[in-house]
Protein chains: 2
Amino acid sequence: MKEENIHKFEKPSVTVDIVIFTIKNNDLKVLLVKRNLEPFKNMWAIPGGFVRISESLEQAAKRELKEETGVSDVYLEQLYSFGDVNRDPRGRVITISYFALLNSDEIKLRATTDVSEAKWFSVKEIPKLAFDHEEILNYAIKRLKWKFEYTTIAFSFLPEKFTLTQLQKIYEFVFEKEFDKRNFRKKILLLNILKKEKIDKQVSHRPPQLYSLKKKIKEIIEIV
Amino acid sequence: MKEENIHKFEKPSVTVDIVIFTIKNNDLKVLLVKRNLEPFKNMWAIPGGFVRISESLEQAAKRELKEETGVSDVYLEQLYSFGDVNRDPRGRVITISYFALLNSDEIKLRATTDVSEAKWFSVKEIPKLAFDHEEILNYAIKRLKWKFEYTTIAFSFLPEKFTLTQLQKIYEFVFEKEFDKRNFRKKILLLNILKKEKIDKQVSHRPPQLYSLKKKIKEIIEIV
DNA sequence: TCAAAAGTGTTGTGTGTACACCCATGT
DNA sequence: ACATGGGTGTACACACAACACTTTTGA
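Residues take numbers from 1 onward in each chain, read along the sequence in its written order. In the order they appear in the text, chains get letters beginning with A and ligands get numbers beginning with 1. With pLDDT at 70 or above as the cut-off, local features in this predicted model cover only qualifying residues; side-chain atom pairs require 80 or more to be listed or tallied, and sums for whole chains, interfaces and linings still use all residues. Side-chain numbers come from the whole structure's heavy atoms, not from hydrogens or water.

K.L.:
What should I look at first to understand the relation of the copies chain A and chain B in this one?
P.N.:
The operation linking the two copies of the chain is a rotation about an axis combined with a translation along the axis. The copies were overlaid by least squares, fitting only the C-alpha atoms of residues that reach a pLDDT of 70 or more in each copy. The transform that puts chain A on chain B rotates by 180° and translates by 0.1 Å along the axis, for an RMSD of 0.1 Å. A rotation of that kind, with that shift, is consistent with a two-fold axis. By definition in these notes, contact holds between two residues if any of their heavy atoms fall within 4.5 Å. Take the interface residues of chain A: 98% of them recur as interface residues in chain B, which is what a same-surface contact looks like.

Right, here's the structure in full:
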């Protein structure tokens with residue numbers, strides 16, 4: 001540990017990139033922004049930005065998330081750090097990637113700020129991305145699936161009150177396959193984390209049971 | 001994305017820290033180094049160092065690992081990045097933590113280099129650590145246990161040829177509890193990743209069957 | 001023949017999977 | 001009465017847990 005002077009070594013730039021997922025129109029979507037500057041001008045990229053010297057990594061991620069989507073109290077988890085020497089043609093840039101899960105009720109994409117465009121893309125129709133962002137996105141999708149399998153993260157995509165059918169659809173979008181209704185409901189109810197809510201009746205069929213979480217979602221998901 | 005100039009923002013320093021585990025003397029151990037400079041002089045810390053401007057994060061981690069232990073082809077996985085503003089009293093330092101698993105045959109702690117001392121500590125007897133290294137270590141232990149449960153990472157602690165009893169002991173050290181021999185063996189053999197090796201006979205009891213992995217360990221462990 | 005560790009099978013319990021029909025409501 | 005999505009139970013297969021004795025070797 002030769003660290004008598006932390007300024008002895010040339011420093012890299014550090015950014016955070018946030019892979020923002022939601023479910024919309026029966027599909028798993030990710031938010032991408034169009035770059036309006038070189039390099040990779042006019043290409044789509046994962047939203048992100050530089051970490052300020054006086055904010056933590058998580059603060060930086062939350063700030064960027066808020067700038068892009070206006071939301072501030074959502075599921076946000078650090079993913080992985082990417083630091084290949086040539087991943088950014090402008091110089092040495094290390095990025096710490098995060099992923100966030102939103103339910104689409106919460107979202108209002110910034111109409112404000114600068115010219116760059118932001119848009120939801122189906123994970124099945126991702127364009128060519130700037131930098132190493134394809135790698136970051138693939139990693140995020142892998143982790144997302146993994147989290148769905150082993151945790152209760154799926155609830156992050158849902159509003160406060162929801163039906164079991166809604167929940168099941170979310171699992172089906174993420175895994176791109178169908179599940180048996182009876183088995184699915186059995187498994188979910190056995191977790192014993194849901195409570196019944198009053199039924200809303202204005203559908204032209206049997207009205208569904210509404211559920212909500214017994215506890216706040218952050219108390220349920222264990223981060224590994 | 002306002003990044004016309006990557007030097008617009010003041011840059012943090014970036015380090016890698018490597019939590020190095022091994023099994024020795026019937027115990028799970030972690031390698032710590034004694035700091036010989038301020039801050040935290042004379043306190044124990046997780047080995048690490050600054051990322052050079054022309055090496056990737058993984059190269060930096062491998063370089064540090066080699067400097068500390070002399071080994072170069074071991075299991076190494078990125079853990080998490082820590083970037084609180086005040087985690088280092090000297091200034092803004094972001095660290096990307098890694099964890100490595102060694103089998104103790106491979107190790108020869110550097111006798112070379114500088115004055116600082118390196119020593120194996122039982123995870124049950126960790127001294128007070130410098131910086132936020134206690135948090136990093138706790139995170140590493142949590143991840144290690146998790147990996148043991150859901151992957152075949154345990155083999156990283158073993159030499160090329162090993163017995164099932166050796167393997168079982170490793171699980172027992174990590175989980176700090178005992179397993180049933182018959183069930184354990186059944187489960188492992190069902191994985192179908194082991195092949196029998198010739199039996200070595202120089203023990204004063206029934207000689208154990210030696211096994212080795214059918215494939216290289218890196219092809220077996222899936223990183224999540 | 002003894003000490004020391006290796007090796008081996010069966011039974012019960014719980015978890016996951018496959019599968020088809022009736023229910024409640026609005027129109 | 002019908003169309004629409006909501007809701008429910010049982011049987012089988014497989015994975016996991018509990019449990020005790022015999023085998024092989026060197027001394």
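K.L.:
Explain the packing of aromatic side chains here, please?
P.N.:
Aromatic ring pairs are reported here in terms of the distance separating the ring centres and the angle at which the planes meet. Any two rings among Phe, Tyr and Trp, with Trp reduced to its six-membered ring, count as a pair given centres within 6.5 Å; such a pair is stacked if its planes are under 30 degrees apart, edge-to-face if over 60, and tilted if neither. This model, assessed by the stated rule, comprises 34 aromatic pairs over all chains. Ring centres of F21 of chain B and F99 of chain B lie 6.3 Å apart, and the angle between their planes is 75°; this geometry places the pair in the edge-to-face category. On the criterion of sequence distance, the pair formed by F21 of chain B in strand β1 (residues 13–24) and F99 of chain B in strand β6 (residues 93–103) is long-range, its members being 78 residues apart. Judged on exposure class, the residue F21 of chain B and its partner F99 of chain B are both buried. Taking the centre distance of 5.7 Å and the plane angle of 50° together, the rings of F155 of chain B and F162 of chain B count as tilted. Throughout, exposure labels follow a simple rule: accessible area from a 1.4 Å probe, protein chains only, divided by the maximum for the residue type, with under 20% read as buried, over 50% as exposed, and the rest as partly exposed. On the basis of relative accessibility, which here comes to 1%, the residue F162 of chain B falls in the buried class. Taken together, the ring pairs in this structure connect F148, F157, Y171, F175, F179 and F184 of chain A into an aromatic cluster. Numbering of helices and strands runs from the N terminus; a helix is a DSSP stretch of H or I covering at least four residues, while a strand is a stretch of E covering at least two.

K.L.:
Where do I start with the side chain of T163 of chain A in this structure?
P.N.:
Along the chain, the position of T163 of chain A falls in the loop between α2 (133–150) and α3 (164–175). In this structure, T163 of chain A is in contact with P208, Q209 and L210 of chain A, ignoring residues within four places of it in sequence.

K.L.:
Help me understand the protein's contact with DNA strand D, please; the structure alone is not making it clear to me.
P.N.:
Taken together, 21 residues form the shell around DNA strand D, and within it K181, R185, H205 and Q209 of chain A together with R206 of chain B come nearest. Each residue is tested against the molecule or strand, and it is near if at least one of its non-hydrogen atoms lies within 4 Å. Restricting attention to atoms of DNA strand D within 4 Å of the protein, one finds that 38% of them are sugar or phosphate atoms. We define a polar contact as two N or O atoms separated by no more than 3.5 Å, with the added condition that, inside protein, one atom must be a possible hydrogen donor and the other a possible acceptor, whereas residues neighbouring each other in sequence contribute only through side-chain atom pairs. K186 of chain A places a polar side-chain atom, nitrogen or oxygen, 3.0 Å from a base oxygen of DNA strand D. Looking at the surface near DNA strand D, the elements with two or more residues in it are α4 (181–190) of chain A together with α4 (181–190) of chain B.

K.L.:
Would you take a moment to explain the packing of helix α2 (residues 133–150) of chain B against helix α3 (residues 164–175) of chain B for this structure?
P.N.:
When two helices pack together, you describe them by how their axes are tilted relative to each other and by the distance separating the axes. Residue and element names in this part refer to chain B. Axis definition: a line fit to C-alpha positions, over the contact stretch in the case of helices; interaxial angles, taken between N-to-C directions, run 0 to 180 degrees. Where α2 contacts α3, the two axes come as close as 10 Å, and the packing angle between them is 140°. Judged by the angle between their axes, α2 and α3 are oblique. Where α2 crosses over α3, the handedness of that crossing is left-handed. Together, K145, F148 and E149 of α2 and I170, Y171, V174 and F175 of α3 make up the contact between the two elements. Looking at the contact of α2 with α3 residue by residue, the class counts come to five nonpolar, no polar and two charged. We call two directions roughly parallel when the angle between them is under 35 degrees, roughly antiparallel when it is over 145, roughly perpendicular when it lies between 65 and 115, and oblique otherwise. Note: crossing handedness is left-handed where the near helix turns anticlockwise from the far helix by less than a right angle, and right-handed where it turns clockwise. Polarity classes work like this: nonpolar for Ala, Val, Leu, Ile, Met, Phe, Trp, Tyr, Cys and Pro, charged for Asp, Glu, Lys and Arg, and polar for all others, with Gly in that last group.

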